[in-house]
Amino acid sequence: MSIDALPPGLLLITAALVLAVLKGAARKVLVLAAPLAVLAVVWSQPEGALLHVSFIGHTLVPVKVDALGRLFATIFLLMAAGGGLFALNQDRPAEVPAAFVYAGGAVGVALAGDLISLFVFWEIMAIASTLVLWSRDDDASRAAASRYVQVHLLGGVVLLAGIAAHVNATGSVAFTAMKPDSFGTWAILIGFLINAGAPPFSAWLPDAYPTATYSGTVFLSAFTTKTAVYVLIRGFPGAEILIPVGLWMVFYGIVYALLENDMRRILAYSIINQVGFMVTGIGIGSEMALNGAAAHAFTHIIYKALLLMAAGSVLYRTGKTKCTDLGGLFQSMPLTTLCGIVGALAISSFPWTSGFVSKSMVSQAAADSHLAWVWFGLTAASAGVFLHAGIKFPWFVFFQKDSGLRPADPPWNMKLAMVIFAALCIGIGLFPGALYALLPHAVDYQPYTAAHVIEMLQLLGFSGLAFFVLLPLMKRTLTITLDTDWLYRRLGPDLVGAIGKAVVNADRALRGRVMTALARLLEGVKATHGRHGLFARDLSSGAMAWTTVAVLGLFLAAFYS
Amino acid sequence: MSGPLEHLPALAVVIPLMTAPVIVALRRPWAGWLLATLVSWASLAMSLLLLQQVLETGPFSYLMGGWAAPWGIEYRVDQLDAFVLVIVSAIASVVSVYARKSVEAEIEPDRQYLFYAMFVLCLCGLLGMAITGDAFNLFVFLEISSLSTYVLVGMGRDRRALTASLRYLILGTVGATFYVIGIGLAYMMTGTLNMADLAQRLPAMAHTSTVRAALAFLVVGIGLKMAAFPLHAWLPNAYTHAPSAAAALLAGTATKVSVYVFLRIVLGVFGATGLLTALPVTQVLMVLALAAMFICSAVAIWQPDLKRALAYSSVAQIGYILLGVALLSETGLAAGIVHLFNHAVMKSALFLALGAVALRVGSTRIDAMRGIGRKMPMTMAAVLVAGLSLIGVPLTVGFVSKWTLVEAALDDGMWPVAVLILASSLLAVAYVWRIVEAAWMAQPGPELAHVREAPTAMLLSIWVLAGASVWFGIDATRTLGVARLAAQTLLQGVAP
């Protein structure tokens with residue numbers, strides 16, 4: 001077996017295990033070199049199935065290279081490299097090795113040619129990402145890691161059930177496009193969607209990600225949801241159910257992000273929002289839409305990492321994450337501010353940034369497929385994105401009031417990581433052809449038409465205006481001060497607020513009811529199975545003997561009936 | 001096979017049997033340990049040779065003392081027998097290496113030789129049950145292994161071991177009696193005790209209520225010995241209070257051999273009668289198996305003592321095996337049989353690791369183990385690996401079993417059962433997570449200040465089994481291959 005046939009995911013995981021025992025300069029060199037070396041391996045591998053392994057009666061294909069898989073493997077490895085650079089001084093010894101195992105799992109998923117290999121890498125990701133969370137080692141992150149891993153193991157069980165049923169029904173383990181039309185395919189789809197952060201399981205993401213370290217969240221933002229996007233693109237292109245699911249995610253993310261105060265939680269909600277765009281695109285299913293979903297995943301990883309790096313730098317320097325505690329940081333952190341703004345513009349699809357050239361493909365695909373409502377929804381949501389991520393995040397963290405904090409820009413490695421990712425955001429925005437060339441389907445799309453640029457600028461302009469008009473509403477989430485003087489300001493904010501509240505309340509009530517039912521079930525189980533419950537009691541010999549007689553009676557009765 | 005190897009089937013049983021009195025005569029703990037270890041490894045070598053021969057030439061017979069069956073005692077070795085022989089002797093070999101330090105710490109010096117004598121007797125009984133082709137001879141070995149097991153359990157560290165042992169004795173005797181009653185009824189109708197002979201003659205008598213009663217007694221009797229739900233109540237206390245090395249040996253072997261007896265007698269001997277499909281045997285078994293998987297896993301979650309939690313988990317795992325058997329298909333049986341091996345490996349690893357914790361901490365209660373992961377990292381890492389296997393995470397043996405079992409359920413169109421199998425693994429997540437939480441998420445308290453990593457010999461044994469639960473999870477071709485062959489051979493005798 002030559003190096004060309006080695007699974008790149010496993011290569012990175014091996015490097016991560018070596019990393020765990022290294023210290024000092026050698027560790028730093030490996031952190032920077034390993035993802036890039038694996039990236040070189042990925043690009044040296046020819047397309048097609050490269051490796052066959054026999055396992056419990058099936059032939060597995062752990063490495064199968066094609067354009068789509070390579071695109072995702074590339075961005076995952078770039079992300080690992082950038083995240084590694086950003087986390088170079090991270091003093092939690094377990095975090096970067098765990099993050100590299102996590103990235104290796106993601107690369108493994110992207111290149112897996114069969115469902116069993118995919119599942120193996122999927123579970124590696126679940127465990128490694130839990131370790132990334134856990135490595136912060138405080139009470140909040142441990143509790144969050146505990147909840148996080150439970151959701152993902154549940155998702156794993158659903159996925160495995162689906163894979164088993166699908167393999168049993170078709171006789172093949174190959175990972176190809178499916179339709180949700182049987183128990184197996186439905187279970188696979190649900191397993192994928194749980195990792196994508198789809199309802200009703202969206203809450204795991206904003207619950208867990210913001211509890212990681214300043215650099216841990218950067219890694220976490222990239223892999224789990226985007227591998228889910230990848231497997232949906234490959235597994236369920238054009239599954240119509242994904243359109244409403246995706247639209248729900250788009251608006252869920254916006255509403256909750258607008259109400260949120262923690263800067264990293266705002267960005268976490270916005271991951272769900274952005275993945276919603278991709279999921280919608282996959283549901284549309286045309287070549288343009290799938291290209292758009294893949295391209296958007298690519299650009300999203302970069303700008304979301306950039307935003308979280310900016311937030312992480314603020315956290316690193318100030319130890320604070322709440323918007324109410326921050327503000328005015330542009331004076332002492334100019335580079336972080338600048339990079340944060342670039343990220344914010346990119347996530348808002350500002351022309352000449354990467355978000356513009358990718359997200360517009362999804363909207364265009366909706367228009368081309370004559371899905372008017374989807375197009376309206378996505379366009380309205382674009383304005384919402386600008387509100388919560390494009391303006392709210394930089395405004396409250398870097399401008400707004402003067403919090404009196406004067407932290408410096410972060411160390412060189414963190415600055416360099418941000419500058420590189422910011423450059424990628426603008427570079428892809430200016431020269432989209434390079435990204436388009438990597439996409440799975442041929443691209444015949446020109447993002448920079450005058451009409452499109454003007455439309456986007458208008459949209460962003462008006463939503464920017466709306467932000468500052470609605471500023472009192474925004475502030476209401478920060479302080480309890482009620483601003484009752486200005487009638488014209490109240491009407492709009494209250495209306496928006498009421499809709500937001502209705503959505504949030506409905507969502508909370510539904511989940512609350514499910515949680516209550518689950519809690520009651522658990523209590524019942526504990527009462528019968530707990531330490532002194534019916535099934536855990538010590539039986540006397542007599543009671544055991546009577547049980548035996550009863551079972552014998554049961555069998556005799558069954559045999560003579 | 002000719003030459004000295006010809007008598008291998010007899011030697012595999014006779015050598016441990018003859019070693020027991022020698023150990024008693026020598027009365028030296030170290031001599032007992034050395035002999036027990038040598039005998040265990042010799043049995044492993046012989047078992048592997050037998051397995052190799054079966055795989056090369058197919059099943060073969062050995063006539064005890066040259067007396068022809070059905071009058072003489074026939075030893076019959078097919079794939080299933082050889083596989084079980086390997087499981088038993090492999091676990092015994094690993095445990096024997098481990099036992100020295102553990103026994104030194106847990107049993108008074110003047111009784112240690114007895115532990116090793118009982119250890120080899122138990123080994124002899126278990127191997128004998130697996131290799132014999134005679135239903136009454138099987139009972140004799142069943143009693144040899146059971147009696148030695150009662151003594152092993154009774155040697156535990158505190159007085160609760162005696163109660164546990166007594167209850168085990170009473171229930172074990174009930175089970176063995178049921179077995180004899182069942183075999184007696186069958187003998188009454190056929191006049192033979194040779195299994196192959198019984199299997200041939202029983203179909204003609206299948207309509208009689210005597211044969212039905214025999215089947216009922218046998219199912220319940222063997223069910224009791226293998227701790228099938230709800231006949232498992234003796235097991236948690238016996239495993240919890242037994243000496244650590246004994247618990248590890250029993251967890252890996254005793255119930256497994258009972259499952260083997262179930263397969264051999266209920267499927268092998270009664271299979272051709274058609275009663276298994278005519279009567280609701282498999283349906284009842286399936287319900288009981290599912291109940292075991294959920295109820296006993298749930299009980300394990302809240303147990304304060306980890307040995308006890310693992311004992312309940314063992315009952316749940318027997319449920320998985322029984323479920324595979326109850327499907328009565330090749331894949332289902334293969335899943336059950338391969339899980340005999342897989343579960344033996346991981347559960348013995350866990351009990352060995354807990355024995356190391358008991359040695360260093362003095363308790364296996366979860367409260368006493370807070371922060372232990374930082375003090376005994378190698379031991380607890382093995383617990384994590386074996387625990388992941390218990391859950392059925394890919395790349396571990398647990399996954400191989402789970403996948404095969406799910407496949408079998410789906411083959412029969414029982415997708416709700418497949419979902420239940422996978423859902424029940426979430427309960428395993430819960431009880432394994434508790435260990436992780438206690439071991440790593442808490443800081444070790446002052447009472448753990450003096451705690452060190454386990455001795456090297458113990459660590460080695462623990463990691464051999466923990467490593468095996470990964471090794472055979474990645475390369476499952478051999479284990480699953482033998483299990484499939486065994487299932488095929490077994491099913492040949494079962495009437496549709």
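Residues numbered from 1 in each chain as written. Chains lettered and ligands numbered in written order. Predicted model: local features only at pLDDT ≥ 70, side-chain atom pairs only at ≥ 80, totals over all residues.

Trainee: A description of the overall build of chain A should follow, citing residues and the corresponding values.
Mentor: Looking only at helices and strands, chain A has 21 helices and two strands in total. Against the globule reference of 24 Å for 561 residues, chain A gives a C-alpha radius of gyration of 25 Å, in line with a compact fold. In terms of overall dimensions, chain A has C-alpha extents of about 85 × 65 × 55 Å along its principal axes. Here chain A holds 561 residues, and 54% of them are scored as buried. (Helix = DSSP H or I, 4+ residues; strand = E, 2+ residues; numbered from the N terminus. Rg over C-alpha atoms; globule rule 2.2 N^0.38 Å. Buried ≥ 20, exposed ≤ 12 C-beta atoms within 10 Å, placed from the backbone.)

Trainee: Talk me through the overall build of chain B; I want residue IDs and the actual numbers.
Mentor: Summing up its helical and strand segments, chain B has 20 helices and two strands in all. Computed over C-alpha atoms, the radius of gyration of chain B comes to 21 Å, within 12% of the 23 Å expected from 2.2 N^0.38 for 496 residues, which places it in the range of a compact globule. Of the contacts made within chain B by residues no fewer than 6 positions apart, 80% connect residues no fewer than 24 positions apart. (Contact = placed C-beta atoms within 7 Å.)

Trainee: Describe in detail the nonpolar core, supporting the description with residues and values.
Mentor: Phe76(A), Leu306(A) and Ala418(B) are the most contacted members of the largest nonpolar core, which has 416 residues in total. With 21 residues, helix H12 (residues 287–318) of chain A is the single largest residue contributor to this core. Looking at which domains feed residues into this core, each of domain 1 (1–183 + 191–233) and domain 2 (237–466) of chain A gives three or more. In this view, Leu306(A) contacts Cys339(A), Val342(A), Gly343(A), Met418(A), Phe421(A), Ala422(A) and Cys425(A); residues no more than four positions away in its chain are not counted. (Core = buried A, V, L, I, M, F, W, Y, C linked by C-beta atoms within 7 Å. Domains from an automatic or database assignment.)

Trainee: Tell me about the pairing of strand S2 (residues 58–65) of chain A, and name the residues and values.
Mentor: Residues and elements named next belong to chain A. As paired strands, strand S1 (residues 48–55) and S2 are joined by six bridges and run antiparallel to one another. Considered in S2, the bridge of Gly 48 is made with Val 65. The hairpin formed by S1 and S2 contains two residues between the paired strands, and Ile 56 there has a positive phi angle of roughly 30°. (Pairing = 2+ DSSP bridges.)

Trainee: Just give me the short version of the interface of chain B and chain A, but keep the residues and values in it.
Mentor: Listed per partner, the contact involves 47 residues of chain B and 38 residues of chain A. Taken together, the residues of the side of chain B that touches chain A break down into 38 nonpolar, five polar and four charged. (Nonpolar A, V, L, I, M, F, W, Y, C, P; charged D, E, K, R; others polar.)

Trainee: Summarise the packing of helix H5 (residues 115–134) of chain A against helix H9 (residues 216–235) of chain A; cite the residues concerned and give the values.
Mentor: Two quantities define a packed helix pair, namely the angle between the axes and the distance from one axis to the other. Residues and elements named next belong to chain A. For the pair H5 and H9, interaxial distance at closest approach is 10 Å and the crossing angle is 160°. Taken as axis vectors, H5 and H9 run roughly antiparallel relative to one another. Both H5 and H9 take part in a crossing whose hand is left-handed. Taking contact as the criterion, the partners of Met 125, Ser 129, Val 132 and Leu 133 in H5 are, on H9, Gly 216, Phe 219, Leu 220, Phe 223, Thr 224 and Thr 227. Grouping the amino acids of the contact of H5 with H9 by side-chain chemistry returns six nonpolar, four polar and no charged. (Axes fitted to C-alpha atoms, helices over the stretch in contact; angles between N-to-C directions. Parallel < 35°, antiparallel > 145°, perpendicular 65-115°, else oblique. Left-handed = near helix turned anticlockwise from the far one by under 90°.)

Trainee: Mind laying out helix H12 (residues 281–301) of chain B, listing which residues take part and the relevant values?
Mentor: Taking 1.5 Å of rise per residue, 21 residues should cover 30 Å, and H12(B) covers 30 Å from first to last C-alpha, within 8% of that figure. Taking burial as the measure, the 21 residues of H12(B) include 15 buried ones, the bulk of the element. (Expected span 1.5 Å × (residues − 1).)

Trainee: Lay out the environment of Val245(A) in plain terms, naming residues and giving numbers.
Mentor: Residue and element names in this part refer to chain A. When you line up the elements, Val 245 lands in helix H10 (residues 242–259). For Val 245, a count of 22 C-beta atoms within 10 Å gives the class buried. For the pair Val 245 and Phe 121, spaced 124 residues apart in the sequence, the C-alpha separation amounts to 25 Å. Setting aside residues no more than four positions away along its own chain, Val 245 makes contact with Leu 193, Ala 198 and Val 279.

Trainee: Let's hear about unusual backbone geometry: which residues, and what values?
Mentor: Residues and elements named next belong to chain B. Phe 229 connects to Pro 230 through a cis peptide bond whose omega is 0°. With respect to the element layout, Pro 230 can be found in the loop between helix H8 (209–225) and helix H9 (234–241). Look at Leu 328: it is not a glycine, yet its phi comes out positive at around 55°. Positionally, Leu 328 belongs in the loop between helix H13 (306–327) and helix H14 (330–361).

Trainee: Break down the domain arrangement of chain A for me, with residues and values.
Mentor: Along its sequence, chain A is organised into domain 1 (1–183 + 191–233), domain 2 (237–466) and domain 3 (484–537). Here the C-alpha centroids of domain 2 of chain A and domain 3 of chain A sit 30 Å apart.

Trainee: Quick one: what's the story with the confidence of the model for chain A, residue by residue and with numbers?
Mentor: Averaged over every residue, the pLDDT of chain A is 86; the share at 70 or more is 94%. Contacts from residues 478–489 of chain A, a stretch scored under 50 in pLDDT, to residues over four places away or in other chains number six contacts. (pLDDT = per-residue confidence, 0-100.)

Trainee: Can you lay out the environment of Gly24(A) for me, pointing to particular residues and giving the numbers?
Mentor: For Gly24(A), the location among the structural elements is in helix H2 (residues 24–44). The exposure class of Gly24(A) is exposed, given the 7 C-beta atoms found within 10 Å.

Trainee: If you had to explain helix H6 (residues 160–190) of chain B to someone new, which residues and values would you point to?
Mentor: With 31 residues, H6(B) should reach 45 Å at 1.5 Å per residue; the first-to-last C-alpha distance of 45 Å fits that figure. Phi turns positive, to about 75°, at Gly191(B), one or two residues after H6(B).

Trainee: How would you summarise the packing of helix H16 (residues 377–391) of chain B against helix H19 (residues 456–474) of chain B if you had to cite specific residues and measurements?
Mentor: Residue and element names in this part refer to chain B. Packing of H16 against H19 leaves a shortest axis separation of 9 Å and a crossing angle of 30°. Here H19 runs roughly parallel to H16, going by the angle between their axes. In the crossing of H16 with H19, the sense of the turn from one axis to the other is left-handed. Here Met 378, Thr 379, Ala 382, Val 385, Ala 386 and Ser 389 of H16 come into contact with H19, specifically with Leu 459, Ile 462, Trp 463, Ala 466, Ser 469, Val 470 and Gly 473.

Trainee: Quick rundown of the confidence of the model for chain B? Include the residues and the values.
Mentor: Residues and elements named next belong to chain B. On average, residues of chain B score 90 in pLDDT, and 99% of them reach the 70 mark or higher. Element-level pLDDT for chain B is lowest in helix H11 (residues 275–278), with a mean of 85, against a maximum mean of 94 in helix H4 (residues 112–131). As scored by the predictor, the complex reaches a pTM of 0.84 and an ipTM of 0.85.

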